Amino acid sequence: MTTVRALSQLLRDAQTSSPEDVVATLVGCAASLGVRGLVLYLIDYEQQVLQPSPEHRTGEPVPAATVLGTMAGRCFSTQALLESPGEDGTLVWVPVTERAERLGVLSMRVDALDDEGRAFAEELGLLAALLVMAASPYTDHFHLQRRRQELDLAAEMQWSLLPPLAFSSAGTTVAGLLEPAYEVGGDCFDYALNAGTLSLAVFDAMGHGLTSSVISSLAVGAYRHARRNQVPLDDLFRTMNHAVAGLMGDAFVTALAAELDVRTGLLRWTTAGHPCPVVVRNGSVLPDVEQTPNLPLGVGLIAHDEAARPAELALQPGDRVLLYTDGVVEARSPQDEEFGLDRLMDLLVRESASGLRAGEILRRLVGTCLEFQGERLRDDATLLLLEWSGPSAKDAAQP
């Protein structure tokens, strides 16, 4: 069977098979071309361990692979095909990635590996990502594969609310991460690309646990409703406040909402009691842009003439913009030392120079924060990283 025909049959089989049978469909396609021992690993919620699918846990068990110190983990971090020749053929690892969403890794064994074989392996990884994303709304199979422990109810609600953790299109990338992954409550983020404008927001509801998760869910719902009704950024928080204020007693939510014109790089944002973004340009952090925050959502209704005007910044190609919640900078070590904004900015500058993708930069930032705090966060910590590489060729060609 030719490669094109095998991949075409893979897509056809996926349309009629059970959503739980993605791995079996992949194995069948690979076997038709002489590929053996195919294993699908998915990254866990903490982005630390690659979990083999349950299908690979029968017979001779396949162990999980840590991101640090394994070939599978190195493939995940670098997003590059890796190969290891041996007496029984060549073992290959390829990323399982949809746009910029790093879902995991495929491993497989082949008798011989040439350029055509490498191309097939990479395409199989891309198709695996598409099949997992397409099947996930219809089954809990892949959600459960990613878990190394039980999520509490608040975390279950928050993860169900989130968009994909990363997205990339035509020179613009956004990636987000939540911690602690299995107990997160009040933090959340959202984004969407519409007609050349990337909208993104970060939320931090007061308190912890289930109540905070409910408040955060309300805030995200109000944000999406306003965004989809094309409410201007200037009026966004005033509109959202009508949904949030008074419904949850004395509770409130801090928030930052932004819009990026992906064609020009113009970034505008407004805050409701939330920290200012951190912008890295040419290896250093830009000074804070002056901004006047609105009151946190839920504190009080904002009159039209009282709403603070959004701040603006013209991004340059290569700029990175980090949005964060206070659980990051207010994290404390066992010796009661604060993590602090300066430490976060220094880490962002250093990791930005690594050449790694946005999702891996965030994974390393969160890992450092966890290590600083003795592997246990006292508060939710959320990061959302925006990268702008310049306008696409299509946009650049337009007058």
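Shown above is the structure to which this text applies.
These lines cover the structure that appears in this document, whether it is placed above or below.

Rules and cut-offs
All residue numbers here refer to positions counted from 1 along the written sequence of the relevant chain. The model is predicted, so local features are restricted to residues of pLDDT at least 70 and side-chain atom pairs to those at 80 or more, both for listing and for counting; the totals for chains, interfaces and linings are taken over all residues. Heavy atoms throughout the structure, all of them, feed into the side-chain values; hydrogens and water do not. If DSSP finds at least two bridges between two strands, the strands pair. Segments assigned H or I by DSSP are reported as helices when at least four residues long, segments assigned E as strands when at least two residues long, and all are numbered from the N terminus. Fitted lines through C-alpha atoms serve as axes, helices being fitted only where they are in contact, and the angles separating the N-to-C directions of these axes extend from 0 to 180 degrees. We call two residues contacting when some pair of their heavy atoms lies within 4.5 Å. Salt bridges are counted wherever a side-chain nitrogen of Lys or Arg sits within 4 Å of a carboxyl oxygen of Asp or Glu. Relative accessibility thresholds used throughout: buried, under 20% of the residue-type maximum; exposed, over 50%; partly exposed, between the two (1.4 Å probe, protein chains only).

This part takes up the sheet that holds strand E15 (residues 311-314). Taken together, the 5 strands give an open sheet; going across it, the order is E9-E10-E11-E12-E15, and neighbouring strands pair in antiparallel fashion. Two strands bound the open sheet, and with one partner strand each, they are strand E9 (187-194) and E15. On average, each strand axis in the sheet is tilted by 15° relative to the strand beside it, whichever way the strands run. Pairing of strand E11 (residues 253-261) with strand E12 (residues 266-272) involves 6 bridges; the strand directions are antiparallel. Residue pairing in the sheet places Leu 260 in a bridge with Leu 267 of E12.

Strands sit in the order E3-E2-E1-E6-E5-E4 across an open sheet of 6 strands; the sheet is antiparallel. Where the open sheet ends on each side, the last strands, each with one partner, are strand E3 (65-66) and strand E4 (82-86). Strand direction decides the pairing type here: strand E2 (residues 49-52) and E3, joined by 2 bridges, are antiparallel. Within E3, the position partnered with Leu 50 by the bridge is Ala 65. Across the sheet, helix H3 (residues 71-78) touches strand E1 (36-43), E2, E3, E4, strand E5 (89-98) and strand E6 (101-110), and the angle it forms with E6 is around 135°.

When the charged atoms of two side chains with opposite charge come close together, those side chains can pair. Summed over all chains, the structure comprises 22 salt bridges. For the salt bridge of Asp 261 with Arg 263, the shortest nitrogen-to-oxygen distance reads 3.2 Å. When its relative accessible area of 22% is taken as the criterion, Asp 261 is described as partly exposed. Among the residues examined, Arg 263 registers a relative accessible area of 36% and is labelled partly exposed. For the salt bridge of Glu 312 with Arg 268, the shortest nitrogen-to-oxygen distance reads 3.3 Å. Of the two residues, Glu 312 sits in strand E15 while Arg 268 sits in strand E12, which places them 44 residues apart along the sequence. We classify Arg 268 as buried; its relative accessible area is 19%. Taken together, the shared-partner salt bridges connect Arg 102, Glu 360, Arg 363 and Arg 364 into one network.

Our next topic: unusual backbone geometry. Despite not being glycine, Ala 170 shows a phi value in the positive range, around 50°. Tracing the chain through its elements places Ala 170 in the loop between strand E7 (166-169) and strand E8 (172-179). The phi torsion at Asn 282 lies on the positive side, around 50°, for a residue other than glycine. Residue position: Asn 282 is located in the loop between strand E13 (278-281) and strand E14 (284-285).

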